[in-house]
Amino acid sequence: MAALLLAGCDTAADPAPHDGAGSAASRTPSASPTPPAATAVPDAAPAADFCSVGQPASWQRALHGDRLPQRAGETLVVHAVGADGDTAVLDDRNGDGRTVVFWRDGRRTRVLTLAHPDTDQLYGAAFDGRYLVFSVSHNPNDLSAWTLYGWDSVTGGTPRRLAGNAVDTAGNPVPSPLLYPVVAAGVAAWTAGRADGTTALHRYSFATGTDEVVRAGHPGAPFLFDGDLVWPESPRPDALTELHAVRLADGAPARLPATLAAVRGPAFIVGTAGGVAAWVSADVRTLYAWRPGWRNPVRVRHVSTGRNVQWVRAAGPLVTWDDGTAQFAADLRTGAFTKLTPRYGYTEATGDALAVGYAPAAKGGATAAPSLVRVSELPPLPGCH
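Residues numbered from 1 in each chain as written. Predicted model: local features only at pLDDT ≥ 70, side-chain atom pairs only at ≥ 80, totals over all residues. Heavy atoms only, no water.

Peer 1: Sorry, what's going on with the overall build of the protein chain here?
Peer 2: In terms of regular secondary structure, the protein chain is built from two helices and 27 strands. Buried positions account for 53% of the 385 residues belonging to the protein chain. Accessible area of the protein chain: about 15900 Å², with a carbon and sulfur share of 50%. (Helix = DSSP H or I, 4+ residues; strand = E, 2+ residues; numbered from the N terminus. Buried < 20%, exposed > 50% of the residue type's maximum accessible area, 1.4 Å probe, protein only. Areas by Shrake-Rupley, 256 points an atom, 1.4 Å probe, with all protein chains shown as cover.)

If you want it as structure tokens, here you go:
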């Protein structure tokens, strides 16, 4: 089964600003998590094979100015962002400790202190404006050992344990898709391995506290698209995965648009609440994007042998990815893409939010604070076709 991977990785960076630098902590809060009209994806599809442009000065100012305030001796890694552009879920490493931190409008809330900071790590996370779901991996050498938590940012308190990994007859964690949960409107979903070798797609309601299996068999990790819960699944052994969907709100079967229903074997795939989908071909070399109203998917980027397109994200009109050397962003409004980081790094994106992380400029050096910008504050990339 082709892997469906929806989270970033620590990977290297431009020089760090002075400790605590950046204006992200003092920006005016967004009035609504709904992305502004200026970030809408056009009805007309851009030309295929996007062209490369230099990073505009306005983007540079935003990315360098809107750094999260990182304290001396601390490393912050963003694992999820809120649609409003002012919220982030962070892995906070400081000295010998490691915590899951909820950051909003310049204020930090400690959600969970990891009991074993040498082996525990925040893995997948998602936030819907109120509810946070996140997974903690317990063994860096075996990602099948995990615990999944849910947390209400309104009531606060101790996070709720939602699930844990299954074990085989010998007590070992069973293989499972990488645990990247999703959540929207108080409903979370994730796919977990079962002791019999199958997997199950779970749908959990925070309102009722109920956990139901909406698909058992071999579903892969889910993603959200325009109100639907979508997942890849292979119809038979060694066959490319196909996409299936249910309504997230109630778990009832949902019909995918024909374009998505025709996708086979995506190596990476993401969707947005606004109805944009982006995916990578099974050979991990071609990135496509599509939205309802476009006749066909648009080929955004094709890389040569020896390069991969991976860790795809989408927010508003932007699609971001990693090619093994750096992070890039494509603008669906203009058909251009630009390099976001000097080298390596990661991105997280949703709604009106884009986070960009930077690895150390030199081996063993300090990691620069990640940037958190609103997509609506980034002007369209210049066209070059």
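Peer 1: Any chance you could explain the sheet that holds strand β7 (residues 131-137) here in plain terms?
Peer 2: Neighbouring strands of a sheet are bound in pairs by backbone hydrogen bonds; such pairs are parallel or else antiparallel. What the four strands build is an open sheet, ordered β6-β7-β8-β9; its pairing is antiparallel. Edge strands, defined here as strands with exactly one partner in the open sheet, are β6 (121-127) and β9 (160-164). Within the sheet, the average angular offset between the axes of one strand and its neighbour, ignoring direction, is 25 degrees. Judged from the four bridges that link them, strand β8 (residues 146-152) and β9 form a sheet pairing that is antiparallel. Residue pairing in the sheet places Thr147 in a bridge with Gly164 of β9. (Pairing = 2+ DSSP bridges. Axes fitted to C-alpha atoms, helices over the stretch in contact; angles between N-to-C directions.)

Peer 1: Is there a simple way to think about helix α1 (residues 57-65) in this case?
Peer 2: By the burial criterion, the buried members of α1 are Trp59, Ala62 and Leu63. Seen end-on, α1 carries its buried residues on one side only, within an arc spanning 95 degrees. Where α1 is buried, its residues touch β22 (318-322), β23 (327-331), β24 (336-339), β26 (353-357) and β27 (371-374). (Arc of directions from axis to C-beta. Contact = heavy atoms within 4.5 Å.)

Peer 1: Explain the pattern of salt bridges to me, please; I cannot follow it from the model alone.
Peer 2: Pairs can form between side chains of opposite charge whenever their charged atoms are close. Scanning the model with the defined rule gives 16 salt bridges in all. One salt bridge in this structure joins Asp91 and Arg93, with 3.8 Å as the shortest N-O distance. Looking at Arg93, the relative accessible area reads 26%, which means it is partly exposed. Through salt bridges that share partners, Glu74, Asp92 and Arg108 make up one connected network. (Salt bridge = Lys/Arg side-chain N within 4 Å of Asp/Glu carboxyl O.)

Peer 1: I tried to follow the nonpolar core on my own but got confused; where do I start?
Peer 2: Nonpolar side chains in soluble globular proteins generally cluster together in the buried interior. Leu243, Leu260, Val280, Leu287, Val312, Trp321 and Leu332 are the most contacted members of the largest nonpolar core, which totals 40 residues. A per-element tally of this core places strand β18 (residues 277-280) first, with four residues. Each residue touching Leu287, except ones within four places of it in the same chain, is listed here: Ala278, Trp279, Val280, Val298, Arg299, Val300, Arg301, Val309, Val312, Val319 and Trp321. If you look at the next biggest cluster of nonpolar residues, it comprises 19 residues, including Val53, Ala62, Leu318 and Val375. (Core = buried A, V, L, I, M, F, W, Y, C linked by side-chain atoms within 4.5 Å.)

Peer 1: Please explain the environment of Val100 as it appears in this structure.
Peer 2: In this structure, Val100 sits in strand β4 (residues 97-104). On the basis of relative accessibility, which here comes to 0%, the residue Val100 falls in the buried class. Here the alpha-carbon distance between Val100 and Thr113, two residues 13 residues apart in the chain, equals 6.4 Å. If we skip the residues at most four places from it in the chain, Val100 touches Val89, Leu90, Thr109, Arg110, Val111, Leu112, Leu114, Leu122 and Phe134.

Peer 1: Quick question: what am I supposed to make of the pairing of strand β13 (residues 211-217) here?
Peer 2: Note on strand geometry: in a regular strand, side chains alternate between the two faces of the sheet. Where strand β12 (residues 199-205) meets β13, six bridges bridge the pair, whose relative direction is antiparallel. Along β13, the bridge assignment pairs Tyr204 with Asp211. The antiparallel pairing of β12 with β13 creates a hairpin that spans five residues between the two strands, and Gly209 there sits at a positive phi of about 75 degrees.

Peer 1: Just checking my understanding: could you explain the state of the cysteines for this structure?
Peer 2: By definition, a disulfide links two cysteine residues through a covalent bond between their sulfur atoms. One pass over the structure, following the stated rule, counts one disulfide. The disulfide bridge from Cys51 ends at Cys384, spanning 1.6 Å between sulfur atoms. Handedness here is read from the sign of the S-S torsion; for Cys51 and Cys384, about 115 degrees, the answer is right-handed. With Cys51 in strand β1 (residues 51-52) and Cys384 in the segment after β27, this pair connects stretches of sequence that are 333 residues apart. Residue classification places Cys384 among the partly exposed residues on the basis of a relative accessible area of 36%. (Disulfide = S-S within 2.5 Å.)

Peer 1: Just to check I follow, could you spell out the sheet that holds β27 for this structure?
Peer 2: With antiparallel pairing, the three strands of this open sheet are ordered in space as β25-β26-β27. Edge strands, defined here as strands with exactly one partner in the open sheet, are β25 (346-350) and β27. Ignoring which end each strand starts from, the neighbouring axes of this sheet average 15 degrees apart. The pairing of β25 with β26 spans five bridges and is antiparallel. Bridge pairing in β26 links Tyr346 to Gly357.

Peer 1: Just to check I follow, could you spell out the side chain of Asp91 for this structure?
Peer 2: Residue position: Asp91 is located in strand β3 (residues 87-94). Given a relative accessible area of 1%, Asp91 falls into the buried group. Looking at Asp91, its side chain comes within polar contact range of the side chain of Arg98, at 3.0 Å. (Polar contact = N/O pair within 3.5 Å; in protein donor to acceptor, adjacent residues only side chain to side chain.)

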